[in-house]
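For reference, the chains in residue letters:
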Amino acid sequence: MPALRPAVVDGLFYPAAAPALRAEIAALLAGAASAPAASAPRLLIAPHAGYTYCGPVAASAYALLSQGRAAGVRRVAVLGPAHRVPLRGLAFPSAQAFATPLGEVPVDTAALRGLGDLPQVRCDDRAHEHEHAIEVQLPFLQAVLGDFALVPLVVGEADAEEVAQVLERLWDGAGTLVVISSDLSHYLGHAEAQALDRATARRILAGEPALETHEACGATAINGALLLARRHGLRARLLDLRNSGDTAGDRHRVVGYGAIVFEEDAG
């Protein structure tokens with residue numbers, strides 16, 4: 001992979017022109033109805049479909065960061081599932097920056113070197129070459145954070161403890177935000193998807209690290225994040241739970257989307 005990982009789903013999942021992308025994100029954030037964060041968000045779960053479908057749900061998570069609650073965030077670890085290639089463990093790219101129409105996001109290469117002794121982590125450019133799960137989060141993050149360094153990790157076959165071990169290495173106080181990129185159920189009817197997604201959301205809110213991929217395509221990363229949240233006393237709050245039938249109209253075969261924030265317990 002070259003030093004710059006180019007955008008690969010611009011014009012497909014989100015607008016390729018910077019002005020149009022900025023305008024769409026601004027409108028989505030303005031329309032988000034998230035209650036103000038009680039404390040700085042430490043971990044988010046956000047969907048990764050095209051903005052037409054999941055944008056309103058993702059915006060409910062990122063709107064929290066635009067409320068002045070993320071001033072200290074200087075690094076974002078984004079973990080997404082491996083959609084394109086089989087993968088054991090977690091993979092980072094050799095690229096030194098990711099590009100979107102809004103500019104370049106530098107990769108925190110020092111943080112990645114700090115993961116080098118973990119056997120479940122390796123460099124694999126193929127895992128990132130055509131993967132959209134991390135990329136679609138970046139324009140939202142650029143809009144609400146401005147400058148930040150990125151730790152991009154594609155998650156393949158791993159157990160929850162392996163993921164949690166990686167996240168623990170990156171956990172450094174309020175300076176690091178963790179984003180788990182995941183959709184929920186896939187290609188069910190609207191009512192069936194609603195029931196399954198509600199059950200999945202309840203399990204996440206209860207901190208049960210045993211999700212399966214039919215419940216959330218990012219289940220592996222979510223399970224690891226739930227272990228991390230438990231160990232650091234984070235409290236989960238559901239922000240939005242909808243599916244593509246709610247946002248884009250077709251209710252015969254839908255994809256579920258959820259937005260969840262994990263905050264330090266103020267009480």
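Procedures and definitions
Residues numbered from 1 in each chain as written. Predicted model: local features only at pLDDT ≥ 70, side-chain atom pairs only at ≥ 80, totals over all residues. Heavy atoms only, no water. Helix = DSSP H or I, 4+ residues; strand = E, 2+ residues; numbered from the N terminus. Rg over C-alpha atoms; globule rule 2.2 N^0.38 Å. Buried < 20%, exposed > 50% of the residue type's maximum accessible area, 1.4 Å probe, protein only. Contact = heavy atoms within 4.5 Å. Areas by Shrake-Rupley, 256 points an atom, 1.4 Å probe, with all protein chains shown as cover. Lys, Arg positive; Asp, Glu negative; His and termini not counted. Charge placed at Lys NZ, Arg CZ, Asp CG, Glu CD. Pairing = 2+ DSSP bridges. Phe/Tyr/Trp six-rings, centres within 6.5 Å; stacked < 30°, edge-to-face > 60°. Polar contact = N/O pair within 3.5 Å; in protein donor to acceptor, adjacent residues only side chain to side chain.

Caption draft 1: Spotlight on the overall build of the chain. Along its length, the chain carries nine helices and twelve strands. At 17 Å, the chain has a C-alpha radius of gyration in line with the 18 Å of a compact globule built from 267 residues. Per-residue burial over the chain gives 57% buried out of 267 residues. Partitioning the intrachain contacts of the chain with sequence separation of at least 6 by distance along the chain shows that 82% fall at a separation of at least 24. For the chain, the computed accessible surface area is about 10,500 Å², with 51% contributed by carbon and sulfur atoms. Taking the average location of the 22 positive side-chain charges in the chain and that of its 29 negative ones, the two points are 3 Å from each other.

Caption draft 2: Examining the pairing of strand β9 (residues 176–181) more closely. In terms of residue burial, β9 counts as a mostly covered element, since six of its six residues are buried. Alternating positions in β9 separate into two faces, Thr176, Val178 and Ile180 on one and Leu177, Val179 and Ser181 on the other, with burial throughout. As paired strands, strand β2 (residues 41–46) and β9 are joined by four bridges and run parallel to one another. Its bridge partner lying in β9, Leu44 is registered against Val179. With five bridges joining them, strand β3 (residues 75–81) and β9 adopt parallel strand pairing. Across the sheet, Leu79 pairs through a bridge with Ile180, a residue of β9.

Caption draft 3: Quick peek at the packing of aromatic side chains. According to the stated counting rule, one finds three aromatic pairs in the structure shown. Taken together, a centroid distance of 5.0 Å and an interplanar angle of 50° make the contact between Tyr51 and Phe140 tilted. Of this pair, Tyr51 sits in helix α2 (residues 51–69) while Phe140 sits in helix α5 (residues 138–145), placing them 89 residues apart in sequence. Accessibility classification places Tyr51 together with Phe140 in one group, the buried group. According to the relative accessible area criterion, Phe140 is buried, its value standing at 0%. Counting every residue linked through ring pairs, the aromatic cluster contains Tyr14, Tyr51, Tyr62 and Phe140.

Caption draft 4: Inspection of the sheet that holds strand β6 (residues 103–106) at higher detail. Read from one edge of the open sheet, three strands run β1-β5-β6, paired in mixed fashion. The outermost strands of the open sheet, each flanked by one partner alone, are β1 (4–5) and β6. Here two bridges tie β1 to strand β5 (residues 97–100), and the two strands are oriented parallel to one another. The residue bridging Arg5 from the neighbouring strand is Phe98, located in β5.

Caption draft 5: The environment of Asp117, seen in detail. Mapped onto the elements, Asp117 comes out in the loop between α3 (109–113) and β7 (121–123). In this structure the C-alpha to C-alpha distance between Asp117 and Glu161, which are 44 residues apart in sequence, comes to 16 Å. Side chain to side chain, Asp117 and Arg169 meet in a polar contact 2.8 Å long.

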